[in-house]
Structure formats: structure tokens, C-alpha cells
Amino acid sequence: MESLPLFPLGSVLLPGVRLPLRVFEPRHLALTAHLERSDDPVFGVVAIRRGREVGAGMPDLYEVGCAARMTALVRHEGHLLLEAVAERRFRIESVHEERAPYLVADVTWADGEQDTAPDDLAWAAREGFQDLLDVVGGRVAGLPEDPSLLAASILDGLGLPLPEQQAVLEAGDAVERLRAIRRLCRREAALAESLGIRSASVTPSARLNQN
């Protein structure tokens with residue numbers, strides 16, 4: 001097992017995504033100072049099942065998260081802007097409050113991680129999302145080619161509850177995540193069609209359309 005400093009969030013982070021974080025809470029400022037000193041500035045991002053991102057107390061965390069590598073740090077008056085890129089998934093084995101001013105987790109890394117997927121699977125995921133957009137009247141300017149970013153972008157556009165987003169993260173590597181995304185698109189399209197839902201709000205997040 002390895003130890004990772006933890007940055008709990010109220011959202012799910014998938015591999016490949018660029019993550020901007022506004023840092024101002026004392027324990028996260030301490031975590032950022034640790035990353036600045038480190039030769040390997042990697043930390044764990046994990047979604048909060050119950051609780052808050054800031055404030056005292058231990059939030060109830062999901063067991064599977066995603067490691068992120070700090071790529072830039074910009075200082076502003078009153079806060080820091082940390083930029084990172086998500087890398088690989090991990091499973092939390094235990095969380096410690098006493099090891100540092102921030103949360104630290106003992107983790108095991110996910111097995112069989114791969115960031116490529118067959119072209120036909122990526123095409124099917126895009127088609128599934130487009131079918132949903134056709135039903136609800138949404139529009140999309142473009143989707144990433146990278147399989148990990150493609151899954152994250154579509155998932156962001158679906159606007160699903162946090163537990164369902166977490167289930168996609170836990171589904172497996174890029175191939176399994178795209179398969180899960182394709183199933184969700186089909187489900188949402190069938191539901192929207194049966195209910196007569198039309199909305200232009202189902203679009204992928206622009207922040208994910210990056211290389």
C-alpha cells in the first residue's frame with residue numbers, strides 16, 4: 001500500500017481530466033504546501049458521500065478515487081489556484097486524521113488500468129450521447145478524441161446524481177467507463193422519450209474538451 005494526501009470534493013474525478021482547485025481552507029493549504037515541497041506532487045481526489053468539503057470533522061468518503069498530479073500553482077490574494085491532471089484510480093483502505101494537518105489515506109492502486117479503447121466503442125458512446133441530445137433537443141459542438149476525456153465529458157453532460165457518477169468511476173478502465181456511459185445514454189434517452197422531456201441543457205462541459 002501507498003499513502004496519499006487526500007483532497008475530498010463534492011464531485012467525481014475521472015482519469016485524464018484537468019482539475020482546477022481554488023484552495024483556501026487551512027488543511028488544504030497545508031496539503032498544497034506539502035505538494036510544493038514534494039518531488040512527486042500527487043494527491044488523491046475522492047468524492048464525499050456525506051459531509052462537507054470544508055470545515056472540521058471527517059466526511060464520509062467513497063472508497064474509490066482518482067490520483068491527480070499538480071501541474072501549476074498560482075497565488076492570489078486570500079487563496080491559491082492549484083491546477084492538476086487526474087491520472088489513475090485507487091481504492092482507500094484506511095484514512096488517517098492524525099498523520100498530518102490534512103487527511104491521509106492508505107491506498108491500493110486499481111489493476112488493469114488502460115487509457116485506450118476500440119474506435120467502435122468510442123463511436124458507440126458518441127452516438128449514444130448524440131441520440132440522447134436528439135431526443136431532448138440539446139446540442140454539442142464537439143467531443144474529445146481521448147477515451148478517458150470522452151467518458152468524462154459525456155458523464156459531465158448527463159448531469160447524473162453523484163452516486164451514478166461514482167459508479168462510472170468504479171466501473172473500471174477507459175473501456176469499461178465508455179461501456180457504462182453508453183448504457184447510461186441509452187437509458188436516459190429512453191426515459192426522456194417516454195416522458196417527453198426536451199431541454200437544451202444536456203451538453204458536455206467545455207472544461208473537459210482539452211488535450
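Being a predicted model, the structure only gives us computed values, none of them experimental. (Residues numbered from 1 in each chain as written. Predicted model: local features only at pLDDT ≥ 70, side-chain atom pairs only at ≥ 80, totals over all residues. Heavy atoms only, no water.)

1. What about the side chain of R177?
Phase 1: Mapped onto the fold, R177 is located in helix α5 (residues 174-195).
Phase 2: At 3.4 Å, the side chain of R177 and the side chain of S148 are in polar contact.
Phase 3: Only 2.7 Å separates the side chain of R177 from the backbone oxygen of G172, close enough to count as a polar contact. (Helix = DSSP H or I, 4+ residues; strand = E, 2+ residues; numbered from the N terminus. Polar contact = N/O pair within 3.5 Å; in protein donor to acceptor, adjacent residues only side chain to side chain.)

2. What about the packing of aromatic side chains?
Phase 1: Counted under the stated rule, the structure contains 2 aromatic pairs.
Phase 2: Arranged with centres 6.3 Å apart and planes meeting at 50°, the rings of F7 and F43 form a pair that is tilted. With F7 in strand β1 (residues 2-9) and F43 in strand β3 (residues 42-50), this pair connects stretches of sequence that are 36 residues apart. Grouping residues by exposure puts F7 and F43 together as buried. (Phe/Tyr/Trp six-rings, centres within 6.5 Å; stacked < 30°, edge-to-face > 60°. Buried < 20%, exposed > 50% of the residue type's maximum accessible area, 1.4 Å probe, protein only.)

3. Notes on the pattern of salt bridges
Phase 1: If you walk through the whole model with that rule in mind, you get 12 salt bridges.
Phase 2: Among the ionic pairs, E87 bridges to R69, the shortest N-O distance being 2.8 Å. Here R69 lies in strand β5 (residues 64-76) and E87 lies in strand β6 (residues 79-96), a separation of 18 residues in the sequence.
Phase 3: A salt bridge links R179 to E176; the nearest nitrogen and oxygen atoms lie 2.7 Å apart. You can see R179 and its partner E176 sitting in helix α5, 3 residues apart, about one turn around the helix.
Phase 4: Taking relative accessible area as the criterion, E176 reaches 29% and is therefore assigned partly exposed.
Phase 5: Within the structure, one salt-bridge network assembled from shared partners comprises R49, R50, D60 and E63. (Salt bridge = Lys/Arg side-chain N within 4 Å of Asp/Glu carboxyl O.)

4. Here we look at the nonpolar core
Phase 1: With 65 residues, the main nonpolar core has L14 and F43 as its most contacted residues.
Phase 2: It is α5 that provides the largest number of residues to this core, a total of 8 residues.
Phase 3: Once residues within four sequence positions are removed from consideration, F43 is found in contact with L4, P5, F7, L21, L31, L35, C66, A67, A68, M70, L82 and A84. (Core = buried A, V, L, I, M, F, W, Y, C linked by side-chain atoms within 4.5 Å. Contact = heavy atoms within 4.5 Å.)

5. Brief notes about the packing of helix α4 (residues 162-171) against α5
How two helices sit against one another is set out by the angle between their axes and by the gap between those axes.
Phase 1: Here α4 crosses α5 at 145°, and the two axes come no closer than 7 Å. Mapping the contact onto sequence places E164, V168 and A171 in α4 and E176, R177, A180, I181, L184 and R187 in α5.
Phase 2: Grouping the constituent residues of the contact of α4 with α5 by class yields 5 nonpolar, no polar and 4 charged. (Axes fitted to C-alpha atoms, helices over the stretch in contact; angles between N-to-C directions. Nonpolar A, V, L, I, M, F, W, Y, C, P; charged D, E, K, R; others polar.)

6. Describing the environment of L82
Phase 1: Among the secondary structure elements, L82 is positioned in strand β6.
Phase 2: Overall, the relative accessible area of 0% leaves L82 in the buried class.
Phase 3: Residues L82 and M70, 12 residues apart in the sequence, show an inter-C-alpha distance of 6.9 Å.
Phase 4: Filtering out sequence-adjacent residues up to four positions away, L82 remains in contact with L19, P20, L21, V23, T32, L35, F43, M70, A72 and L73.

7. A word on the environment of G172
Phase 1: Assignment of secondary structure puts G172 in the loop between α4 and α5.
Phase 2: Beyond its immediate sequence surroundings of up to four residues, G172 is in contact with R89 and R177.

8. With respect to the confidence of the model for the protein
Phase 1: When pLDDT is averaged across the protein, the result is 86; 87% of the residues are at 70 or more.
Phase 2: Of the regions scoring below 50 in pLDDT, residues 206-211 engages in 16 contacts with residues more than four places distant in sequence or in other chains. (pLDDT = per-residue confidence, 0-100.)

9. Focus: α5
Phase 1: The end-to-end C-alpha distance of α5, which contains 22 residues, comes to 31 Å, matching closely the 32 Å that a straight helix rising 1.5 Å per residue would cover.
Phase 2: Buried residues of α5: A174, V175, R177, L178, A180, I181, L184, C185, E188, A189 and A192, and no others.
Phase 3: Next to the buried residues of α5 lie β6, α2 (119-136), α3 (147-158) and α4.
Phase 4: At the C-terminal side of α5, G196 shows a positive phi close to 70°. (Expected span 1.5 Å × (residues − 1).)

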